[in-house]
Amino acid sequence: MNILTNKSILTYIGIAALSIAGIYSCTSSEDDNGGTDDGGGSGSTELHAAFADFDANNVTIMMSGTSSVNIETNGLPNHTSPYWSNTTARSAVDPMGNTLTTPAASSDHPLFVAPTVTSYAQMAPGNIDDFNGSYSLTVPASPTVASTSSATGLGAIGIAVSGSVIYNDEEGPNIPLDNAVGSLDYTAAHTGPQSYHYHLEPKAWSDDDNALIGIISDGFFIYGRKCASTGTYPTDLDASGGHTSTTQHTTTAEYHYHIQNTVYLNQYYIIFPGNYQGTPNNIQ
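The text that follows walks through the structure, step by step, so that each part is easy to find. Just so it is clear, the structure is predicted and the values come from calculations on it, not from any experiment.

Analysis parameters
- Here, residues in each chain are numbered from 1, in the same order as that chain's written sequence.
- Predicted model: local features are reported for residues with pLDDT of at least 70 only, side-chain atom pairs are reported and counted for 80 or more only, and whole-chain, interface and lining totals are derived from all residues.
- Side-chain measures were taken over the full set of non-hydrogen atoms in the model, leaving aside hydrogen atoms and water.
- Each nonpolar core is a collection of buried residues, namely Ala, Val, Leu, Ile, Met, Phe, Trp, Tyr and Cys, held together in the definition by side-chain atoms within 4.5 Å.
- Whether a residue is buried, partly exposed or exposed follows from its accessible area with a 1.4 Å probe, protein chains only, as a fraction of its type maximum: under 20%, in between, or over 50%, in that order.
- Helix numbering and strand numbering both begin at the N terminus, where a helix is a DSSP run of H or I of at least 4 residues and a strand a DSSP run of E of at least 2.
- Strands were regarded as paired on the criterion that DSSP finds at least two bridges between them.
- Here, axes are lines fitted to C-alpha atoms. For helices the fit covers the stretch in contact, and angles between N-to-C directions go from 0 to 180 degrees.
- Aromatic pairs are defined between Phe, Tyr and Trp rings, using the six-membered ring for Trp, whenever the two ring centres lie within 6.5 Å; interplanar angles under 30 degrees are classed as stacked, those over 60 as edge-to-face, and all others as tilted.
- Geometrically, a lysine NZ or arginine CZ counts as sitting over a ring once it is within 6 Å of the ring centre and also within 35 degrees of the ring normal.
- In this analysis, two residues are considered to be in contact whenever any of their non-hydrogen atoms come within 4.5 Å of each other.

A short note on the nonpolar core
Core analysis: the largest hydrophobic core is formed by 25 residues, its most contacted members being Ile 166, Ile 222, Tyr 257, Ile 271 and Phe 272. Sorting the residues of this core by element identifies strand 11 (196-198), strand 12 (212-216) and strand 15 (254-258) as the ones contributing at least two each. Counting 21 residues, the second-largest nonpolar core is a separate cluster that includes Phe 51, Leu 137, Val 139 and Leu 212.

Spelled out as structure tokens, the structure:
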């Protein structure tokens, strides 16, 4: 795994949050016949209620005009991890055989915890606070399902409620995640090449439940393995883990994704192994 070099340590200051009043669910809208569409609509002037679950210290969310939403994050998670800077130095060997050293810090970051499911020897190079992980995403306020799906690429494919970003199920071009699982922390995330990011069910806040995970770059929200409308695992998911139903944030049905309840490597659940069902937008 590669790591960005010559990056200065970030000052751990969250992005100032927009104070949002009167948040209303508007991703799904009633059509002229009183029905609902697949999370689409002709536009919106208010933020979806799900955005209230995003960490306001790390993520700023606001309307952009009358039909788009701009999401900006500092890329930092709001929870503990062994990937925060700490007093233990560690080394890793990249695919080219180079040894990459993560030096010891003079003190442990307040959110640092010792590794449990991984180890210092297995961890990827770089600490969370070594990365300049600022990201911006603009999505439609009322996204629609596209006529054809499109494949995800490497890098960030979504923004999590914690402030960090979501990746797909690959560790490199056509390289499955399998061999990198050992580097993931207790919440299924690791560093590199440009961020701390999640690949699998993020147990820091979601463990076999219906919690909001974040938003995918096509504008659709993604939830945990269970559906709030039934309290159980949904049985009508498409190939991307999506379906149309109500959520804890809506009273009308809308299209959204779930972490699919399909076990991976005997114990994990990939956040997003499928294609975008909407039109993806760049996360910059």
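Observations regarding the sheet that holds strand 2 (residues 68-73)
Pairing is antiparallel across the open sheet formed by three strands, whose spatial order is 1-2-5. Across the chains shown, the open sheet's two edge strands, defined by having one partner strand only, are strand 1 (59-64) and strand 5 (135-140). Averaged over all neighbouring strand pairs, the angle between strand axes comes to 20°, with direction disregarded. Bridge count for strand 2 against strand 5 is six bridges, and the pairing is antiparallel. Across the sheet, the residue bridging to Asn 70 is Thr 138, located in strand 5.

Here's the deal with the pairing of strand 15
In terms of burial, strand 15 is largely enclosed, as five of its five residues are buried. As paired elements, strand 13 (residues 221-223) and strand 15 share two bridges and run parallel to each other. Among the inter-strand pairings, Ile 222 is bridged to a residue of strand 15, identified as Tyr 257. The pairing of strand 14 (residues 242-245) with strand 15 spans four bridges and is antiparallel. The residue of strand 15 that forms the bridge with Thr 244 is Tyr 255.

A short note on the packing of aromatic side chains
Counted according to the given criterion, the structure contains 10 aromatic pairs. Arranged with centres 4.8 Å apart and planes meeting at 80°, the rings of Tyr 257 and Phe 272 form a pair that is edge-to-face. Of this pair, Tyr 257 sits in strand 15 while Phe 272 is found in the segment after strand 15, placing the two residues 15 residues apart along the sequence. The two residues Tyr 257 and Phe 272 agree in class, both being buried. Between Arg 225 and the ring centre of Tyr 269, over which it is positioned, the NZ or CZ distance is 3.6 Å.

Considering the sheet that holds strand 15
The pairing of strands in a sheet happens through backbone hydrogen bonds and is either parallel or antiparallel. Taken together, eight strands build an open sheet; the order of strands is 10-11-7-6-12-13-15-14 and the sheet is mixed. Only two strands of the sheet have a single neighbouring strand rather than two, namely strand 10 (189-191) and strand 14. Where strand 7 (residues 165-166) lies against strand 11, two bridges are found, and the strand directions are parallel. Residue Val 165 lies in a different strand from strand 11, and its bridge partner there is His 197.

Details of the environment of Pro 173
Inspection of the secondary structure puts Pro 173 in the loop between strand 8 (170-172) and strand 9 (175-176). C-alpha separation for the pair Pro 173 and Gly 153, spaced 20 residues apart in sequence, amounts to 8.4 Å.

A closer look at the environment of Lys 203
Turning to its location among the elements, Lys 203 is positioned in the loop between strand 11 and strand 12. For the pair Lys 203 and Ala 189, spaced 14 residues apart in the sequence, the C-alpha separation amounts to 9.9 Å. When near neighbours in sequence (up to four residues on either side) are disregarded, Lys 203 contacts Tyr 186 and Thr 187.

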